Amino acid sequence: MASTAAMALSLAMAATSTAFAATAPYTFIEGQVPADRQPDGNSIVLEGPQEMLVIDTGRHPEHTDKIIAVAKARNKPITAIINTHWHLDHATGNARIRAAYPGAKLYTSTAVEGALKGFLIRNVDQARARLDDPAVPEVGKTDTRLYLNAINDPVNLIPDQPVNGTVALKLGERELTLHLAKRAATEGDVWVHDPASKTVFAGDLVVAPLPFFDTGCADGWRKALAEIDQLDFQTLIPGHGLPMEHAVFSSYRQAFDAFTACAEGNAPTASCVAVWMQKGAPFVAMHPDPKYTQAALAYYVDQVIRAPAKRAEFCGK
Ligand SMILES: [Zn+2]
């Protein structure tokens, strides 16, 4: 998908959803999901009177440089980064942003501290071996180097402004609200409500074509989606995929609740996969290959949601 077309579309949506604002209240930078390398999460750049604020920084330098270009074009420094969660497709770019803007503060959950002792370092030996493996293509090695650099630089992943609950963040006249969802897509997910533009920035609590359960806990995740659904907003920006209207988000939530209820019961895996394929059809349609979504759903039912060790790790029970 052409990122400029997607960006233009979403900017137009943002502008029309805010009757009182002459210009788009934020810049949406769509994360790419190429077939041959690791994805980038979506990023958002918000403008204050003298400063810029960014939500999620991507993985690849090409993505992060689009964020820096927005700040350079406005001639205002990036003073704050919000990471919705510690997954490296959303946080690797922190170091590159801070290299350009050393004063940038980092707001996120402290869940990354546990991930740096567990999930994130589990594959280090494998990753080092990949760098010496002639069968691994150069794009794969580039991704591996980005991963190793990120986990070896924890100061750019661990927050200096930890989000342990609800936090108000001023941006000129605007006041953003940072919310913490515990044990949802990760152990601590930060999502952001911008009442002025009636927008929610949801991170990977909302992802097309299916929720990524690699570090997820269904129970906390359902609670977070319910909390978001109660708020007054018009547009929701997911962690991957294009912005959606509130009603579309509500249908995502219903599909999520039905899929996870099935996965937590005794029904055959295939019938739970069918629940998402049917109720989540608008999101499945956002990916070119429905077989990819079916395979991922089956994996998450059998290997995460129904796996006692994963429930213990991600749900704490
Ligand atoms: Zn992501």
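Just so it is clear, the structure is predicted and the values come from calculations on it, not from any experiment.

Q: I'd like a description of the state of the cysteines, backed by residues and values.
A: This model, assessed by the stated rule, comprises two disulfides. Here Cys 262 pairs with Cys 272 through a disulfide, and the sulfurs are 2.1 Å apart. Across the S-S bond of Cys 262 and Cys 272 the torsion is about -80 degrees, and the bridge reads as left-handed. Here Cys 262 is found in helix α9 (residues 246-264), whereas its partner Cys 272 is found in helix α10 (residues 269-279), with ten residues between them in sequence. Judged on exposure class, the residue Cys 262 and its partner Cys 272 are both buried. When the cysteines of the protein chain that form disulfides are numbered from the N-terminus onward, they connect as 1-4, 2-3.

Q: Please give an account of the sheet that holds strand β5 (residues 105-108) that cites residues and values.
A: Pairing is mixed across the open sheet formed by six strands, whose spatial order is β1-β2-β3-β4-β5-β6. Two strands close off the open sheet at either side, each with one partner strand: β1 (27-29) and β6 (161-162). Across three bridges, strand β4 (residues 78-82) lies against β5 in parallel orientation. Across the sheet, the residue bridging to Ile 81 is Leu 106, located in β5. Most of the contacts of helix α2 (residues 61-74) go to β1, to which it runs at about 160 degrees, and overall it touches β1, β2 (43-47), β3 (52-55) and β4.

Q: Give me the UniProt feature "domain: Metallo-beta-lactamase" (unreviewed entry) in the protein chain: which residues, what numbers.
A: Residues annotated in UniProt with the feature "domain: Metallo-beta-lactamase" (unreviewed entry) correspond here to residues 40-240. A helix fraction of 33% and a strand fraction of 28% characterise residues 40-240, whose end C-alpha atoms lie 8 Å from each other.

Calculation notes
- Residues numbered from 1 in each chain as written.
- Predicted model: local features only at pLDDT ≥ 70, side-chain atom pairs only at ≥ 80, totals over all residues.
- Heavy atoms only, no water.
- Disulfide = S-S within 2.5 Å.
- Helix = DSSP H or I, 4+ residues; strand = E, 2+ residues; numbered from the N terminus.
- Buried < 20%, exposed > 50% of the residue type's maximum accessible area, 1.4 Å probe, protein only.
- Pairing = 2+ DSSP bridges.
- Contact = heavy atoms within 4.5 Å.
- Axes fitted to C-alpha atoms, helices over the stretch in contact; angles between N-to-C directions.
- UniProt positions renumbered as here; feature names shortened; annotations may be inferred.

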